[in-house]
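Below, each chain spelled out in residue letters.
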Amino acid sequence: SASNGNNNNAGTDAGQPLRTIQAAINKAQAGDTITVRGGTYAERLYIQKPGTTDAPIVLGAAEGEQPVIDGETLAIPEDAALVVVQQSQDISLVGLTLRNAGGRGLLISKSSRVTVRNCAVETCYAGGLQASQCDTLLIEKCVVRDCGRRFLAHGPSRRNVALLVASSKDVTIQENRVFENSDEGVGVMTGCERVTVRKNTC
């Protein structure tokens, strides 16, 4: 909880929540669900965790609440990201809003069986939601808006794509809204296999 959390808490009792999302990620094990209360979290997140097919790790918004991970006050280089999922398996991100990154909003790299559902990525300078070297990836019912703003000042770059997948296989990109971005909307780059893009609005 951004309002009354404390990182000295165990994080297993809803009445005594942790203060930061990263503290909860650090404690998470396969099969755990991290419930994020509404509010603004000014922090970068790094996820490198092994869930399993039967016991994934879920990072999601509390029901009816809207947590925002905001990078406005953070120094995030263009080649970095506000939230990184790297070398992980069986991870789900649900109902989160990521905004105001100097680099990319969400970067998923070298990971398997990752789901991003009902998330929003907004106003990220070097690109919105990008994945590389992933296996079995689902991006569903997300909003990517006002990203790739570097294009306005510097012209085209591979990082300007709002929603980008590269060198990945078994990917589904469906029912997303990708709009008001400064360069390309959805990009499927070389090295991809078995990618389905359907029912998106760009």
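Preceding this section is the structure that the text describes.
Please read these numbers as outputs of a predicted model, since none were measured by experiment.

K.L.:
Looking at this model, I keep getting lost on the pattern of salt bridges. Mind explaining?
P.N.:
Opposite charge on two side chains allows them to pair when their charged atoms are near. The full count for this structure, using the stated rule, is eight salt bridges. Across the pair E180 and R145 runs a salt bridge whose closest N-O atoms are separated by 3.8 Å. With a gap of 35 residues between them, E180 in the loop between strand 17 (177–179) and strand 18 (186–188) and R145 in strand 14 (residues 143–145) connect regions that are remote in the sequence. Ionic contacts of the salt-bridge type, sharing partners, join the residues R99, E122, R145 and E180 into one network.

K.L.:
Sorry, what's going on with the pairing of strand 15 (residues 163–166) here?
P.N.:
Consecutive side chains along a regular strand alternate between the two faces of the sheet. Residues L163 and V165 of strand 15 are buried on one face, and the alternating residues L164 and A166, pointing to the opposite face, are buried as well. As paired elements, strand 12 (residues 127–132) and strand 15 share four bridges and run parallel to each other. Looking across to strand 15, one finds that S132 is bridged to A166. Sheet topology places strand 15 next to strand 18; three bridges connect them, and they run parallel. Across the sheet, residue L163 finds its bridge partner in strand 18, namely V186.

K.L.:
Is there a simple way to think about the nonpolar core in this case?
P.N.:
Grouped burial of nonpolar side chains is what soluble globular proteins tend to show. Counting residues in each nonpolar core, the largest one holds 45 residues, and the members touching the most others are L59, L93, L106, I108 and L129. If sequence neighbours within four positions are ignored, L59 has contacts with I21, I25, I34, V36, L45, I47, S92, L93, V94 and L96.

K.L.:
What is the right way to look at empty space enclosed by the protein in this model?
P.N.:
Empty pockets left among the atoms are what a rolling probe the size of a water molecule brings to light. Across all of its chains, the model carries one cavity of 30 Å³ or more by this definition. By volume, the largest cavity is sized at about 50 Å³. Lining the largest cavity are I25, A28, I34, I47, K49, I57, L59, I91 and S92. Elements with a contribution of two residues or more to the lining of the largest cavity: strand 4 (57–61) and strand 7 (89–94). Of the residues that constitute the lining of the largest cavity, the class distribution is seven nonpolar, one polar and one charged.

Rules and cut-offs
- Residues numbered from 1 in each chain as written.
- Predicted model: local features only at pLDDT ≥ 70, side-chain atom pairs only at ≥ 80, totals over all residues.
- Heavy atoms only, no water.
- Salt bridge = Lys/Arg side-chain N within 4 Å of Asp/Glu carboxyl O.
- Helix = DSSP H or I, 4+ residues; strand = E, 2+ residues; numbered from the N terminus.
- Buried < 20%, exposed > 50% of the residue type's maximum accessible area, 1.4 Å probe, protein only.
- Pairing = 2+ DSSP bridges.
- Core = buried A, V, L, I, M, F, W, Y, C linked by side-chain atoms within 4.5 Å.
- Contact = heavy atoms within 4.5 Å.
- 1 Å grid on protein atoms, 1.4 Å probe; cavity = no way out; pocket = protein on both sides within 12 Å on 5 of 7 lines; lining within 4 Å.
- Points joined across faces, edges and corners; volume = space filled by probe spheres on them.
- Nonpolar A, V, L, I, M, F, W, Y, C, P; charged D, E, K, R; others polar.

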